[in-house]
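Residue-level structure breakdown
Below are the chains, spelled out letter by letter.
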Amino acid sequence: MIQLVVREIRNHGFTLAGVGGFVLLMDLLVLATHRIKGGDMSAFDPLILAGVPVTLVVCSVVPRRLVAHDRQQKTLAFLEALPVERSAVIAVKLALGFLVVWAVMAFQVALFGALGAPSPDAALAVRVLARMALFGTYAAGLGFALASLGRYFGVSLGAAFIVTTSLETFGEELSRVGAFGLVARTFTTDRGPLPLGASAWA
């Protein structure tokens, strides 16, 4: 099992480094923009612009890379020859993907908490992180589901994007649709109960 983890990290090291650089760049750009505009009610307000889009990009790229790599490099036969069950290989890929997503969420919350203004209290930081983590879990799960479609990944991702943008076009607020309720426009200041029911499509 440990060998599988090391193998995945070695195979996807450059991708993970690229994802980290992308996240850092986007967060710093959004933070700089908010610093110039001023007037933030919460240090986490930049997450409204940076958190959700970055999460969706990460949850599209990372699962796709983890699932498609062995097929593209024609190493599936090698994996199947290893003395490990197929379920273990899948479990390692899923665990690594979700850990990367959660790490991105934690990094963003820590970055904006440290550099944003006004300084947030711990209770609000925990609530914001919980919302981001739940949203990231949902998005990563969807990303893995789409990645498992193989060559139809791009078509499926495009269809999901069209459906999402169509909801906005026809007047349906995304904050009222599925897991998007976890990251509504007020989630950076909301101290109410977590809308756990938002993690399921109604």
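Preceding this section is the structure that the text describes.
Details of the packing of helix α2 (residues 13–37) against helix α5 (residues 86–115)
Where α2 meets α5, the closest approach of the two axes is 11 Å, and the angle between their N-to-C directions is 30 degrees. Regarding the angle of α2 to α5, the classification is roughly parallel. Between α2 and α5 the crossing geometry is right-handed. Every residue of α5 that contacts α2 at Leu 16, Val 23, Leu 24, Asp 27, Leu 28, Leu 31 and Arg 35 is listed here: Val 100, Val 104, Phe 107, Gln 108, Leu 111, Phe 112 and Leu 115. Split into classes, the residues belonging to the contact of α2 with α5 amount to 11 nonpolar, one polar and two charged.

Some words on the packing of aromatic side chains
Evaluation of the coordinates by the stated rule reveals two aromatic pairs. When the ring of Phe 98 is compared with that of Phe 144, the centres are 5.8 Å apart and the planes differ by 40 degrees; the resulting orientation is tilted. In this pair, Phe 98 is assigned in helix α5 and Phe 144 in helix α6 (residues 122–147), connecting sequence segments 46 residues apart. Of the two residues, Phe 98 and Phe 144, both sit in the buried class.

Focus: the packing of helix α1 (residues 2–11) against α5
As a packed pair, α1 and α5 sit with axes 10 Å apart at the nearest point and diverge in direction by 50 degrees. Between α1 and α5, the angle falls in the class oblique. The crossing of α1 and α5 is right-handed. Residues Leu 4, Val 5, Glu 8 and Ile 9 of α1 lie in contact with α5, whose contacting residues are Ala 88, Val 89, Val 92, Lys 93 and Leu 96. For the contact of α1 with α5, the residue count by class is seven nonpolar, no polar and two charged.

What counts, and at which threshold
- Residues numbered from 1 in each chain as written.
- Predicted model: local features only at pLDDT ≥ 70, side-chain atom pairs only at ≥ 80, totals over all residues.
- Heavy atoms only, no water.
- Axes fitted to C-alpha atoms, helices over the stretch in contact; angles between N-to-C directions.
- Helix = DSSP H or I, 4+ residues; strand = E, 2+ residues; numbered from the N terminus.
- Parallel < 35°, antiparallel > 145°, perpendicular 65-115°, else oblique.
- Left-handed = near helix turned anticlockwise from the far one by under 90°.
- Contact = heavy atoms within 4.5 Å.
- Nonpolar A, V, L, I, M, F, W, Y, C, P; charged D, E, K, R; others polar.
- Phe/Tyr/Trp six-rings, centres within 6.5 Å; stacked < 30°, edge-to-face > 60°.
- Buried < 20%, exposed > 50% of the residue type's maximum accessible area, 1.4 Å probe, protein only.

Purely spatial values, then, with no claim about function.
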